[in-house]
Each structure stands twice: as C-alpha cells, then as structure tokens.
Amino acid sequence: MRERPEAKTSANGRAYDPERLFLPPDDDLAPNRPGETLRARLDGSRTGRVALMLARLLGRRPVEDAWRRELAAQQLVGSALELLTAGGWEVVHSIVLPGDAVIPHLLIGPGGVFCVAPQPAHGARLTVDDTAVHCAGERHPRPYVRRIRHSAARSSLVLSRGCDFPVRARPVLVLVGAAEVEAGTAGPPADVRVLREEDVPGLGGLGGVLRPERVDRIHTVARNRRVWLGA
C-alpha cells in the first residue's frame, strides 16, 4: 500500500487532504461545470445554423439537438446536486473515462458515493427493467440502466485504488421530464436508484456511510483527472 500524506486540519478546524494542494490546475476536475463535455462538443460542432434548420425541416434529428437536451438535463440535475454541498456533500461533474464514456456527476457525502446520470425524457411514458428503459412508442429500449451500472462499477475500482480503501459507487439514473415512470414486470433494478429530477434533493438526506475525513479523501481522488486514465 502506497504512502500518502495524513489528513491535516485547517485554521477553521475542518480537515483537508494535503494531496489537494499539489494537484495541478489542468488535472483538477473540481471547476468543471455540469455538462462540461457536452458544452465542448457543441462549441466544436461544425454544423451551421442553416444546416441544422434544414435538417429539422427534412425530419432529420441532428445530433446537436440531442446534445442540447442532454446538456439541459445535466445542468438541471447538476444545480440540484450543488445545493447539497451545504450539507457536507461534494460533487464532481463531467468525468471523462477512457473510451469517451462520461460520468455526468459524482456525488460524495455522508450517505456514500453516487454515480448520477441524468437522461432527458420530456413527456415520455417509461418502463424501467433490470437493464434498460423502455419508452412507449419506441421499438428499441434505451440502455441507460446497463450504462450507469457499468460506470458505477468502473468508479468503484478507480476510487478504491486511489484511496487505498474500499469505495462503493452506487448508480443513480435520473429521468428528467418524464410523464410517467413505472417498473417492469420483474420489478425495478435492485442496484440502481431510478429517480425523477424532483427526487434528487432527497439524496442529501442520506447518511451514516462516510465520515467527513473519508468524504474529503474520496473527493480529493475523484477530482484528479489522472486517476481516471486507468478506469
């Protein structure tokens, strides 16, 4: 097990991890805004406004429109998660994993560690089973459950390795703007929390899992871009 600096106490009495002091700014994910990676994609898109309007008129679905819907969902949920920081929680947004997968939000606090993935579902009637989300009127299921489960498993491995103690990241799927959400015939997934956007603040009421010094240590590791390179 590698050596690391012991936790220190600041002038205001709050513990902090000294490794945070040596984290280069380019490797610090803490300043990331909700939807940071989607913002970058939209900024880098070469599709002009005229081309987008023409595609919509022809009944096509530009990928930029999907990115904007996803960005709005991440901004909404990200803002709700930021409000939890007053209660001892920390949040890191837009963590890029190898293979271009992205963890939209990682919430760390007294109730544990949560991988949070918002998905836009405006007005949709949804059924959630153990692997996917089924939308009324759509032929193919959406693989949201399987995807967030996989991201949470990768997060658990990365954080456990970086912290030198076991860390379990729990998957949370937030269906933003859905008209109806119900469980499939076999029931909802046992290991994935499925929420609507109005349920997100309830995560702040969870506790009894992590002490403040553990929250601080996990946050220090999670905000380091380099630890995720081996995810």
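Going by the structure above, here's the rest.
Residues numbered from 1 in each chain as written. Predicted model: local features only at pLDDT ≥ 70, side-chain atom pairs only at ≥ 80, totals over all residues. Heavy atoms only, no water.

1. Topic: the sheet that holds strand β8 (residues 169-176)
Judged by pairing direction, the sheet is mixed, and its five strands sit side by side in the order β3-β4-β5-β8-β10 without closing on themselves. Of all strands in the sheet, those bounded by a partner on one side alone are β3 (90-96) and β10 (193-196). Direction aside, the axes of adjacent strands within the sheet are offset by 30 degrees on average. Here strand β5 (residues 112-120) runs beside β8; their pairing, made up of eight bridges, is parallel. Within the sheet, the bridge partner assigned to Phe114 lies in β8 and is Arg170. Sheet strands in contact with helix α3 (residues 63-82) are β3, β4 (102-109), β5 and β8, and its direction is about 145 degrees off that of β5. Against the sheet, helix α4 (residues 144-163) contacts β4, β5 and β8, and its axis sits at roughly 145 degrees relative to β8. (Pairing = 2+ DSSP bridges. Helix = DSSP H or I, 4+ residues; strand = E, 2+ residues; numbered from the N terminus. Axes fitted to C-alpha atoms, helices over the stretch in contact; angles between N-to-C directions. Contact = heavy atoms within 4.5 Å.)

2. As for the sheet that holds strand β7 (residues 133-135)
In sheet architecture, strand pairing relies on hydrogen bonds along the backbone and comes in two forms, parallel and antiparallel. Pairing is mixed in the open sheet, where three strands are placed in the order β7-β6-β9. Strand pairing shows two members of the sheet lacking a second neighbour, β7 and β9 (180-183), which therefore form its edges. Neighbour-to-neighbour, the strand axes of this sheet turn through a mean angle of 25 degrees, independent of strand direction. Relative to β7, strand β6 (residues 125-128) runs antiparallel, the two being bridged by three bridges. Across the sheet, Leu126 pairs through a bridge with Cys135, a residue of β7.

3. As for the nonpolar core
In globular proteins that are soluble, nonpolar side chains generally tend to be buried together. Within the largest apolar cluster, 36 residues are counted, with the highest numbers of intra-cluster contacts made by Leu106, Val113, Leu159, Ile218 and Trp228. Beyond its immediate stretch of four places on either side in the chain, Trp228 contacts Leu29, Ile95, Val96, Leu97, Pro98, Ile103, Leu106, Ser155, Val158, Leu159, Val221 and Ala222. Val77, Val116, Val174 and Leu195 belong to the second largest nonpolar core, which has 16 residues in total. (Core = buried A, V, L, I, M, F, W, Y, C linked by side-chain atoms within 4.5 Å. Buried < 20%, exposed > 50% of the residue type's maximum accessible area, 1.4 Å probe, protein only.)

4. Things to note about helix α1 (residues 36-44)
Here α1 has its buried residues at Thr37, Leu38 and Leu42. Down the axis of α1, the smallest arc covering the buried residues is 135 degrees, so these residues share one side. Opposite the buried face of α1, at more than 90 degrees from it, the exposed residues are Asp43 and Gly44. (Arc of directions from axis to C-beta.)

5. Examining the layout of surface pockets
Estimates place the volume of the largest pocket at around 530 Å³. Glu70, Val102, Pro104, Gln119 and Arg147 are, among the 20 residues lining the largest pocket, the residues nearest its centre. Among the secondary structure elements, those contributing two or more residues to the lining of the largest pocket are α1, α3, β4, β5 and α4. With six residues, the top contributor of residues to the lining of the largest pocket is α4. Of the residues assigned to the lining of the largest pocket, the class counts are nine nonpolar, five polar and six charged. (1 Å grid on protein atoms, 1.4 Å probe; cavity = no way out; pocket = protein on both sides within 12 Å on 5 of 7 lines; lining within 4 Å. Points joined across faces, edges and corners; volume = space filled by probe spheres on them. Nonpolar A, V, L, I, M, F, W, Y, C, P; charged D, E, K, R; others polar.)

6. Description of the environment of Gly78
Inspection of the secondary structure puts Gly78 in helix α3. Along the backbone, Gly78 and Leu106 are 28 residues apart, and their C-alpha atoms lie at a distance of 9.8 Å. The contacts of Gly78, once residues within four sequence positions are left out, are Pro34, His93 and His105.

Remember that the coordinates give geometry; whether it matters functionally is a separate question.
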